[in-house]
Protein chains: 2
Amino acid sequence: MAMPSGGTAIRQVGEFPLIEILGRVAGDHSGGRAPLRMGDDAAVWKPRPGRRVVATTDLMVEHVHFRLDWVDWETLGHKALAVNLSDIAAMGARPSVALVGLGLHGYEKDREVADLYRGMDRLGARHGLTIIGGDISSSPAAAMIAVTVLGEAPRSGQLMMRSAARPGDVIAVTGPLGLAAAGLRVLERQLLTLDGEPSMREAFNRPEPRVREGRLLRRLGVRAAMDLSDGLLGDLPKICSASGVSAVIDMLRIPIPNAIRWAFDDWFDMALRGGEDYELLFTAPAAVFARVMRTFDRAGMRSPIAIGEIVAAGPDGPSLSVRGASGRVRDIAPGAFSHFGG
Amino acid sequence: MAMPSGGTAIRQVGEFPLIEILGRVAGDHSGGRAPLRMGDDAAVWKPRPGRRVVATTDLMVEHVHFRLDWVDWETLGHKALAVNLSDIAAMGARPSVALVGLGLHGYEKDREVADLYRGMDRLGARHGLTIIGGDISSSPAAAMIAVTVLGEAPRSGQLMMRSAARPGDVIAVTGPLGLAAAGLRVLERQLLTLDGEPSMREAFNRPEPRVREGRLLRRLGVRAAMDLSDGLLGDLPKICSASGVSAVIDMLRIPIPNAIRWAFDDWFDMALRGGEDYELLFTAPAAVFARVMRTFDRAGMRSPIAIGEIVAAGPDGPSLSVRGASGRVRDIAPGAFSHFGG
């Protein structure tokens, strides 16, 4: 929730002093690989020798992705970076540097914008990521944050891709589904007396990108993965379509927190179509999946949850079906969140 | 000027089909170094061995940086990429790949958005740049374009920086100043009968990034450069301040097109404070500058124009002064364009 905050409106501070303030907030977590800092026309970064660069960008637009009365600035910064780190994690790569474009109304306080950067910097520091540059612009109609993250992956060997799922693969997710959608509902309807609402809001506002999990999955031989931003029933069809396979989901195995089942009649849609969970969805042969379970367990990391299996596509092409409590399998309509209906 | 255009509104087309359309517009100009294309969570790029990565990002916001009734979509795409290429050029680096974030109202036509991409792709192709990824979002209040460009520079040796100007250096620009500001005036006031107005509008809407010039300048030993986005009197103080030096500009040598002098009473401010020219501003010792002139001439490139010299800063620190027609030198107020006044 937004709190009153001291500081000076940035239309008084001015663009260039603000850039200096932000330059002091963002720390160097690059080990000397990003030697130039804000101030020149472009930033310089030395990737480790012999690496591929993995790059992703995400726009967050006020009233579409966030509301300034729903989130404090530090948390908003966390989320803006987290959704990009999640994309890097989904490839099994290691995040390295970020560029941050900010469009601001102009009445934001310097302290608030510094908090936004602090949220990014703190999350970045935990993953060895340095903010190396950016752009600040006036945007009177709606604030916006455009983050680009560059990561590194070994030069050879396969990265995790949507197109690599094969019949017989186990389908798994790295954590529970639906909490973020429940958090959005809580914020929209101001359901502040609900049991468990803080963890729902936290899941929506402050997703934890599965960076360590993604790198480990790739190293353990997982080939097909993506991050869950559009909900299981929105995202799994993308893997099926890119890989030319079908998927059967076991209804009873989908990890849906009880708090959601108890609080919302439409908990099933919320968990499967809600989106923004930013857990990793991956598929792997049974032997690889067994290795994943053993390794995560030994490392003290939360075990991924198997939720179904990849099967060969039928004559009508890739499809998605669900095995219910009775054991009966039925087709289910895919449902991607789309920014434009469609 | 916007023309009626066929096609389907993207709120009907949908986000994912639109991404496919755009993937077909964007060509591979990477020579196999950006093998994955749109479709996975992140894009992959192999920089040439032993290079540093040079990275820049720019936001363009509707009503702030562009108006959809002032420019066609293809030209808007050109400009959105050009301003980023100009930043890469200012470092003396070579542009390689781009990521494109688009925030759209939703009533834009698929053909218009494809034209936007085509404008970027055509300019990119001329410079060996490939669009490797991006993000598309709804942005009902104002359309926006967030482009990030990654380039490459040799691993060792100095890039051009704002902090490397030294007393005795010649100050030079790669082309005339003020045309873009005049073009903005033409568009704002609809001065469509003015002599030379097409070239003014073209300068504002379709700046040509000085990529070849920037690389050549760096190779010839130029150490201090930046691109002129905020006007000479906005940008030159940044070099002075970063380098701890002062600058003396020769009024009579500033290349201001006659068309602007004839058309506008405030041609001086327009040329020196107007911004958006995207020519390179650089400083170099006389011997390096002489080599630059010879080499550009031999290569059939337009010669840079010497406009003044760097001198030691006085006791009050870096300052900017102008030598008028009479030979008298007087201080002049710096004037950066700032997005927030300041």
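For clarity, every value in this text was computed on a predicted model and none was experimentally measured. (Residues numbered from 1 in each chain as written. Chains lettered and ligands numbered in written order. Predicted model: local features only at pLDDT ≥ 70, side-chain atom pairs only at ≥ 80, totals over all residues.)

Asker: What is the right way to look at the environment of Ala287(A) in this model?
Answerer: All names here are of chain A. Structurally, Ala287 can be placed in helix H11 (residues 286–298). Given 10 C-beta atoms within 10 Å, Ala287 falls into the exposed group. Separated by 117 residues in sequence, Ala287 and Val170 have C-alpha atoms that sit 9.5 Å apart. (Helix = DSSP H or I, 4+ residues; strand = E, 2+ residues; numbered from the N terminus. Buried ≥ 20, exposed ≤ 12 C-beta atoms within 10 Å, placed from the backbone.)

Asker: Is there a simple way to explain the sheet that holds strand S4 (residues 130–138) of chain B in this structure?
Answerer: Strand pairing in a sheet relies on backbone hydrogen bonds, with the paired strands running either antiparallel or parallel. Reading across from one edge, S1(A)-S2(B)-S5(B)-S3(B)-S4(B) is the order of the five strands in this open sheet, with mixed pairing throughout. Only two strands of the sheet have a single neighbouring strand rather than two, namely strand S1 (43–45) of chain A together with S4 of chain B. Direction aside, the axes of adjacent strands within the sheet are offset by 20 degrees on average. Across eleven bridges, the pairing between strand S2 (residues 51–61) of chain B and strand S5 (residues 144–154) of chain B is antiparallel. Along S5(B), the bridge assignment pairs Arg51(B) with Pro154(B). (Pairing = 2+ DSSP bridges. Axes fitted to C-alpha atoms, helices over the stretch in contact; angles between N-to-C directions.)

Asker: Whenever I open this one, the environment of Ala153(A) confuses me. Can you help?
Answerer: All names here are of chain A. Its place among the elements puts Ala153 in strand S5 (residues 144–154). Overall, Ala153 belongs to the buried group, with 23 C-beta atoms counted inside 10 Å. The sequence separation of Ala153 and Arg51 amounts to 102 residues, and the corresponding C-alpha distance is 5.6 Å. Apart from the residues lying within four places of it in its own chain, the contact partners of Ala153 are Arg51, Arg52, Val54, Met91, Gly92, Ala93 and Leu159. (Contact = placed C-beta atoms within 7 Å.)

Asker: Explanation requested: the confidence of the model for chain A in the structure shown.
Answerer: In the predicted model, chain A carries a mean pLDDT of 92, and 96% of its residues have values of at least 70. Taken over the whole predicted complex, pTM reads 0.94, whereas the ipTM for its chain interfaces reads 0.93. (pLDDT = per-residue confidence, 0-100.)

Asker: Help me out: how do you make sense of the relation of the copies chain A and chain B in this one?
Answerer: Here the second copy of the chain follows from the first by a rotation about an axis and a shift along it. Of the two same-sequence chains, chain A is brought onto chain B (RMSD 0.0 Å, axial shift 0.0 Å) by a rotation of 180 degrees. Given the turn and translation reported, the copies of this chain are related as if by a two-fold rotation axis. When C-alpha positions in chain A are compared against the rotation axis, the closest is assigned to Ala141(A), at 2.8 Å. A share of 100% of interface residues in chain A that are also interface residues in chain B marks the association as one of identical surfaces. (Least-squares fit on C-alpha atoms with pLDDT ≥ 70 in both.)

Asker: Even after reading the chapter, I still don't get the environment of Trp73(B), so can you show me in this structure?
Answerer: Residue and element names in this part refer to chain B. Within the secondary structure layout, Trp73 lies in helix H3 (residues 73–91). For Trp73, a count of 22 C-beta atoms within 10 Å translates into the label buried. Taking C-alpha positions, Trp73 is 5.9 Å from Glu112, a pair spaced 39 residues apart along the chain. Discounting residues that sit within four places of it in the chain, Trp73 has contacts with Glu112, Asp115, Leu116 and Gly119.

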